[in-house]
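Coordinate inspection notes
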Amino acid sequence: MPRLSWRTAEIVAVHRETAHARRLALRVEGWPGHDAGQHVDVRLTAADGYQAQRSYSVSSAPATPELELLVDCVPDGEVSPYLTREARVGDRFELRGPIGGYFVWTAAYGGPLLLIAGGSGIAPLASILAYRAAAARGIVTRLLYSVRTAEDIIFKERLQSWKKDPALAITLTLTRSAPPDWNGYRGRIDAAMLREVAFAAAEAPLAYVCGPTAMVEHVADALVSLGYPAGRVRTERFGPSGEST
Amino acid sequence: MNTSDDANASRVPAALDGNAAAGLLQQIFAIDMTMAQITCGGCQSVQPLAALRLYGLPMGNILRCPRCESTLIRAVARDRECWLDLRGVAALHLRLSS
Amino acid sequence: MAADEKSPVSRGFVGRRRSPAEAERVPPGQYVTLDFPILSAGPTPHTPLEQWSFALQHGTQRLAEWSWPKFQALKQTSVTVDIHCVTKWSKLDTRWVGVTFDTLLEAAGLASPPTAYVMAYSDGGYTTNLPVADLVNGQALIVTKFDDAPLAPGHGGPARLLVPHLYFWKSAKWVRGLSFIAEDKPGFWESLGYNIYGDPWKEQRYAGD
């Protein structure tokens, strides 16, 4: 594995996902490719030399030539407001990666696979699901995705297309408000919801939980209380974000 | 992954985890450290580095035990040098690729 | 401080909300912010005030100790100062209330400090070292109020050290005491490559600066 070095990324497309989330398609010189679930470090440099650095999960499938990052605008943030409101096609910044072998899933790990996301925590799981759709459709998988309102659902089109896979079950829960015709869950993910939605521990599932820190810790603890061995629950905590459960 | 834009005056940034330290540590060790099994020198519990609680950004990376909050790893890395304190780690277990 | 010359500039990126300010108030390499970013080396401690105390220590000898009510009964001083973080943000005209180091020495019955250096120590294990010469004559306070309100836990409450003429990592949050030491010794960040002294006007950010 080579030592990490900073590469230049150029924005080739910006897509609106929700009112405050954007996905950026990037061309990165010499990009070596990534495993599903990995992330990158992003570094911005201002004209006067000031620098700021953050990490973002790669939301695209491993084999695509362009990298995709999902950025959620954090109020009063320093980097995300720039990436979601100012950055445009042609802009450049530095990027280092891919990073992180812990939160990776590959078909060799097997299933059944439980993916739980809060808000923008869907980003690394989107990479896992895209990889799975291309290379491992047979693995029985459940996605549980928690957002505040229906307008905050990220990757709506991809969720629609993934839903067609009979081996993949997608469950959504809205924590703040739901439209009158909503037939998903309501409220934060808790042990009761997981008892209904998650695989039984006896099936020896592998779980990946990603989202705001408080949500991740609550869900991971609940899974362990349902009998999941701690080593079979992989977690990735975001900081507080505009999206919280 | 979405490390916090921690600028809000009244909001303490929630702890990230060792995943967010992966880049800095790979810069130092030239290998992915997130899956290293870390034995806490304080309470002897063992978890992957990715599951440690991360503080100290942006001055450095301070990784603490999620069970007892002992400081396990302290790391500061700039472009051309780094500082590392591993005294809090009783043992570090890594699989080496063949 | 200039960026690595190889780093491409990200068009339109500025960073934290900036505020224009007179150049002479801003140390080199700093940017004035309207925010008040929080940086912590660990989780926020929550020591109940009934259990809180502040001490002056010399080796194993406790020179003085104040409970919260006793500490609040000491002479309180209000200051308005600029603060400068090594991560490059500066905040101007911050207002604090607390007890000066001079008041503490006097209340402890110390005609002069027993050594030339202190190590400040905090709940959670944080430490930072300072020369006594940088604490006397009103240069340092133990503050309990910020902006007319009790100091919030995230910003170091119930009490933090305030030494505004040095980089703000020296203003230890959750401070519980000052330990007089014979020789200067690096504290938490100083032992990880940050400057042993930390004068923002000489841009002493890192060891060797």
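Remember, it's a predicted structure, so these values are computed and weren't measured experimentally.

So, on to the overall build of chain B. Each helix and strand in chain B was counted, giving 1 helix and 8 strands. Helices and strands appear in chain B in the N-to-C order β-α-β-β-β-β-β-β-β. Here chain B holds 98 residues, and 53% of them are scored as buried. Counted over contacts in chain B with a minimum sequence separation of 6, partners at least 24 positions apart contribute 42%.

Looking now at the overall build of chain C. Across its full length, chain C carries 2 helices and 11 strands. When its helices and strands are written in sequence order, chain C yields β-β-β-α-β-β-α-β-β-β-β-β-β. Taking 17 Å as the expected radius of gyration for a compact globule of 209 residues, we find that chain C reaches 18 Å, a close match to that expectation. Summarising its shape, the C-alpha atoms of chain C cover approximately 55 × 35 × 30 Å along the three principal directions. Nonlocal contacts in chain C, meaning residues at least 24 apart in sequence, comprise 59% of its contacts between residues at least 6 apart.

Further remarks concern the sheet that holds strand 5 (residues 61–64) of chain B. Residue and element names in this part refer to chain B. The strand order 1-4-5-6-7 describes an open sheet built from 5 strands, whose pairing is antiparallel. Of all strands in the sheet, those bounded by a partner on one side alone are strand 1 (16–17) and strand 7 (82–85). Pairing between strand 6 (residues 71–77) and strand 7: 4 bridges, direction antiparallel. Each bridged residue has a counterpart across the sheet, and for Ala77 the counterpart in strand 7 is Cys82. Of the strands in this sheet, strand 5, strand 6 and strand 7 touch helix 1 (residues 22–29), which is tilted by about 75° from strand 6.

The next thing to look at is the confidence of the model for chain B. Do not read the predicted coordinates in detail wherever pLDDT is low. Confidence along chain B averages 88 in pLDDT terms, with 87% of residues attaining 70 or more. A low-confidence stretch, residues 4–10 of chain B stays under pLDDT 50, and its non-local contacts, those more than four residues away or across chains, total 26 contacts.

Moving on, we get to the pairing of strand 12 (residues 233–238) of chain A. Residue and element names in this part refer to chain A. Across the 6 residues that make up strand 12, a large majority, 6, are buried. Of the two faces of strand 12, both are covered, the one formed by Val233, Thr235 and Arg237 as well as the one formed by Arg234, Glu236 and Phe238. Sheet topology note: the strand 11 (residues 206–212)/strand 12 ladder contains 6 bridges and is parallel. Within the sheet, the bridge partner assigned to Val209 lies in strand 12 and is Thr235.

A word on the sheet that holds strand 6 (residues 117–122) of chain C. Whenever strands of a sheet pair, they do so through backbone hydrogen bonds, lying parallel or antiparallel. Residues and elements named next belong to chain C. Here we have 5 strands laid out as an open sheet, ordered 3-2-11-6-7, and mixed in their pairing. Of all the strands in the sheet, the pair left with one neighbour each is strand 3 (61–67) and strand 7 (127–131). Between one strand axis and the next, the sheet turns through 20° on average, direction left out of account. Sheet analysis places strand 6 next to strand 11 (residues 175–181), joined by 6 bridges and oriented antiparallel. Its bridge partner being in strand 11, Ser122 is matched across the sheet by Val175.

Below, the discussion takes up helix 2 (residues 122–135) of chain A. Residues and elements named next belong to chain A. In a regular helix each residue adds 1.5 Å, so 14 residues correspond to 20 Å; helix 2 covers 19 Å between its end C-alpha atoms and thus fits that length. Burial within helix 2 is extensive, with 11 of its 14 residues counted as buried. All of the buried residues in helix 2 are Ile122, Ala123, Pro124, Leu125, Ala126, Ser127, Ile128, Leu129, Ala130, Tyr131 and Arg132.

Looking now at the environment of C:Asp82. Residue and element names in this part refer to chain C. Relative to the helices and strands, Asp82 is located in strand 4 (residues 77–84). On the basis of neighbour counts, which here come to 18 C-beta atoms within 10 Å, the residue Asp82 falls in the partly exposed class. Between the C-alpha atoms of Asp82 and Leu151, which are 69 residues apart in sequence, the distance is 17 Å. The residues contacting Asp82, other than those within four sequence positions of it, are Arg25, Ser90, Lys91, Leu92, Asp93 and Pro164.

Another point: the pairing of strand 6 of chain C. Residue and element names in this part refer to chain C. Judged by how many residues are buried, strand 6 sits mostly within the fold: 5 of 6 residues are covered. Strand direction decides the pairing type here: strand 6 and strand 7, joined by 5 bridges, are antiparallel. Bridging from a neighbouring strand, Met119 pairs with Asn129 of strand 7. Hairpin geometry of strand 6 and strand 7 is characterised by an intervening segment of 4 residues between the two adjacent antiparallel strands and by a positive phi of about 90° at Gly124.

In this section: the environment of A:Val216. Residues and elements named next belong to chain A. Residue position: Val216 is located in helix 5 (residues 213–225). Put simply, Val216 and Thr235 are 19 residues apart on the chain and 6.7 Å apart in space, counted from C-alpha to C-alpha. Setting aside residues up to four positions removed in sequence, Val216 forms contacts with Val209, Cys210, Gly211, Thr235 and Arg237.

Taken residue by residue, chain C gives an average pLDDT of 94. The fraction at 70 or more is 95%. Here the predicted complex carries an ipTM of 0.90, next to a pTM of 0.91.

A word on the environment of A:Ser161. The residue A:Ser161 is located in helix 3 (residues 156–162) in this model. Once the C-alpha coordinates of A:Ser161 and A:Glu236 are considered, the two residues, 75 residues apart in sequence, prove to be 25 Å apart.

A few words now on unusual backbone geometry. One can expect most non-glycine residues to show negative phi and most peptide bonds to be in trans. For the bond running from A:Gly97 to A:Pro98, omega is 5°, close enough to zero to count as cis. Cis geometry marks the peptide bond from C:Gly157 to C:Pro158, where omega comes out at 20°. Tracing the chain through its elements places C:Pro158 in the loop between strand 9 (149–150) and strand 10 (160–162). Phi angles above zero are rare outside glycine, and A:Phe155 is one such case at about 65°.

The next point concerns helix 1 of chain B. Of all 8 residues in helix 1 of chain B, 6 are buried, a share of seventy percent or more. Among the residues of helix 1 of chain B, those classed as buried are B:Ala22, B:Gly23, B:Leu24, B:Leu25, B:Gln26 and B:Gln27. Looking at the packing, one finds that the buried side of helix 1 of chain B touches strand 3 (39–45), strand 4 (51–57) and strand 6 (92–99) of chain A together with strand 5 and strand 6 of chain B.

Conventions used here
- Residues numbered from 1 in each chain as written.
- Chains lettered and ligands numbered in written order.
- Predicted model: local features only at pLDDT ≥ 70, side-chain atom pairs only at ≥ 80, totals over all residues.
- Helix = DSSP H or I, 4+ residues; strand = E, 2+ residues; numbered from the N terminus.
- Buried ≥ 20, exposed ≤ 12 C-beta atoms within 10 Å, placed from the backbone.
- Contact = placed C-beta atoms within 7 Å.
- Rg over C-alpha atoms; globule rule 2.2 N^0.38 Å.
- Pairing = 2+ DSSP bridges.
- Axes fitted to C-alpha atoms, helices over the stretch in contact; angles between N-to-C directions.
- pLDDT = per-residue confidence, 0-100.
- Expected span 1.5 Å × (residues − 1).

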